[in-house]
Amino acid sequence: MKRQLIERLNEGPVICAEGFLFEVEKRGYLASGEFVPMVALEHPEALENLHKDFQHSGSDVVEAFTYNGHREKMRVIGKEELLEPLNRAALKIAKKVADNPIDGGEPNLMAGNISNSNIWAEDDKEAQKEVYSMFSEMVEWAVDEGADMLVGETFYYAEEAYTALEIIQKAGLPSVITIAPMAENIMRDGVSILDTMKELEQRGADVVGMNCFRGPDTMMTYLREAREVLKCHMAA
């Protein structure tokens, strides 16, 4: 029987390979600038092979490559009609790999993914409503395609991270929320890094942490500080 996220974390670290966007670009399957995961539709075999490479390297989680695969980004490149097919294709590929571990042992977890929308604005209620709708449809597709958990990542607005968590919680799946503050070392809406992570925990996130935009040297200080006060599991 496949262990779920919290059971695994209670027993030790869980590895979730990411970095799809730049790895797929490096392999020639994604256009720089657009950074939209069309590879799920145009070259599904390449995406499947990348998942297998990550799996072979020791990843416990196969995360669907839907980063930037949201309605706003698809609208910008004139392919909004492919939004749902792209998301479902990426999820199906991830599910296939997760269910077939290379060593024939315990299946991997399959994670759905939502991320920074690029349109969230602190005082723009219409933009916030649009983000809520964008996240909601992506979470719905992830649940429908059999995700075991949901990752919300690369948020640099605290309120956008809280919104992602709220939507994930409605789906009833384990939540991993990671923030990505810029060089100012504060969230764009003025909330401190530590306070954002504390609030995410208080609102019920299963795993809280940081990702992207900064390396270990500029991330670990905040993560160590957070570890002193957070009781939930953490991600980096």
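Basis of the calculations
- Residues numbered from 1 in each chain as written.
- Predicted model: local features only at pLDDT ≥ 70, side-chain atom pairs only at ≥ 80, totals over all residues.
- Heavy atoms only, no water.
- Helix = DSSP H or I, 4+ residues; strand = E, 2+ residues; numbered from the N terminus.
- Expected span 1.5 Å × (residues − 1).
- Buried < 20%, exposed > 50% of the residue type's maximum accessible area, 1.4 Å probe, protein only.
- Contact = heavy atoms within 4.5 Å.
- Polar contact = N/O pair within 3.5 Å; in protein donor to acceptor, adjacent residues only side chain to side chain.
- Phe/Tyr/Trp six-rings, centres within 6.5 Å; stacked < 30°, edge-to-face > 60°.
- Lys NZ or Arg CZ within 6 Å of the ring centre and 35° of its normal.
- Patch = residues over 30% accessible without salt bridge, like charges linked within 9 Å, V, L, I, M, F, W, Y side chains within 5 Å.
- Areas by Shrake-Rupley, 256 points an atom, 1.4 Å probe, with all protein chains shown as cover.
- Salt bridge = Lys/Arg side-chain N within 4 Å of Asp/Glu carboxyl O.
- Lys, Arg positive; Asp, Glu negative; His and termini not counted.
- Charge placed at Lys NZ, Arg CZ, Asp CG, Glu CD.

A.B. asks: How should I be thinking about helix 7 (residues 125-144) in this particular structure?
C.D. replies: Since there are 3.6 residues in each turn of an α-helix, residues three or four apart along the chain are aligned in direction. The terminal C-alpha atoms of helix 7 lie 28 Å apart, and with 20 residues this matches the ideal 28 Å at 1.5 Å per residue to within 8%. For helix 7, every residue scored as buried is listed here: Ala127, Gln128, Val131, Met134, Phe135, Glu137, Met138, Val139, Trp141 and Ala142. Of the surrounding secondary structure, the elements contacted by the buried residues of helix 7 are helix 5 (71-76), helix 6 (83-98), strand 2 (109-115), strand 3 (149-155) and helix 8 (158-171). The residue sitting at the N-terminus of helix 7 and contributing the capping side-chain oxygen is Asp124; that oxygen lies 3.2 Å from the backbone nitrogen of Glu126. Two residues or fewer after helix 7 comes Gly146, characterised by a positive phi angle close to 90°.

A.B. asks: Help me out: how do you make sense of the packing of aromatic side chains in this one?
C.D. replies: Note on aromatic pairs: each is described by the distance of the centres and the angle between the planes. By the definition in use, this model includes 6 aromatic pairs. A centroid spacing of 5.2 Å and a plane angle of 80° characterise the contact between Phe20 and Phe54, whose relative ring orientation is edge-to-face. Of this pair, Phe20 sits in helix 2 (residues 20-26) while Phe54 sits in helix 4 (residues 44-56), and the two are 34 residues apart along the sequence. On the basis of relative accessible area, Phe20 is assigned to the buried category, the value being 6%. A residue is classified by how much of its surface remains accessible, and Phe54, at 19% relative accessible area, is buried. Look at Phe135 and Phe155: their rings are 6.0 Å apart centre to centre, the planes differ by 65°, and that puts the pair in the edge-to-face class. Of this pair, Phe135 sits in helix 7 while Phe155 sits in strand 3, and the two are 20 residues apart along the sequence. Each of the two residues, Phe135 as well as Phe155, counts as buried. Here a set of aromatic residues connected by ring pairs shows up, and it is made of Phe20, Phe54 and Phe65. Lying across the ring of Tyr162, Arg203 places its NZ or CZ 4.2 Å from the centre.

A.B. asks: In this structure, what is going on with the side chain of Ser115? I would like to understand it.
C.D. replies: If you trace the backbone, Ser115 turns up in strand 2. Note on Ser115: relative accessible area 2%, which makes it buried. Apart from the residues within four sequence positions on either side, Ser115 is in contact with Tyr67, Asn68, Phe135, Glu153 and Phe155.

A.B. asks: Help me out: how do you make sense of a negative patch on the surface in this one?
C.D. replies: Judged by side-chain charge, Glu122, Asp123, Asp124 and Glu159 come together as a negatively charged surface patch. In this fold, Asp124 is placed in the loop between strand 2 and helix 7. Residue Asp124 is classed as partly exposed on the basis of its relative accessible area, which comes to 33%.

A.B. asks: Looking at this structure, how should I read the environment of Glu106?
C.D. replies: If you trace the backbone, Glu106 turns up in the loop between helix 6 and strand 2. Judged by its relative accessible area of 30%, Glu106 falls in the partly exposed class. Considering only alpha carbons, one finds Glu106 and Phe155, 49 residues apart in sequence, at a separation of 32 Å. A distance of 2.7 Å separates the side chain of Glu106 from the backbone nitrogen of Arg3, its partner in a polar contact.

A.B. asks: I'm lost on the pattern of salt bridges in this one. Help?
C.D. replies: For side chains of opposite charge, pairing can occur when their charged atoms come near one another. According to the stated counting rule, one finds 25 salt bridges in the structure shown. Between Glu23 and Lys26 there is a salt bridge, with the nearest N and O atoms lying 3.2 Å from each other. With Glu23 and Lys26 both in helix 2 and 3 residues apart, the pair spans about one turn of that helix. Given the relative accessible area of 18%, Glu23 is considered buried. Residue Lys26 is classed as exposed on the basis of its relative accessible area, which comes to 65%. Its salt-bridge partner being Arg27, residue Glu23 comes within 2.8 Å of it at the nearest N-O pair.

Structural measurements only, silent on function.
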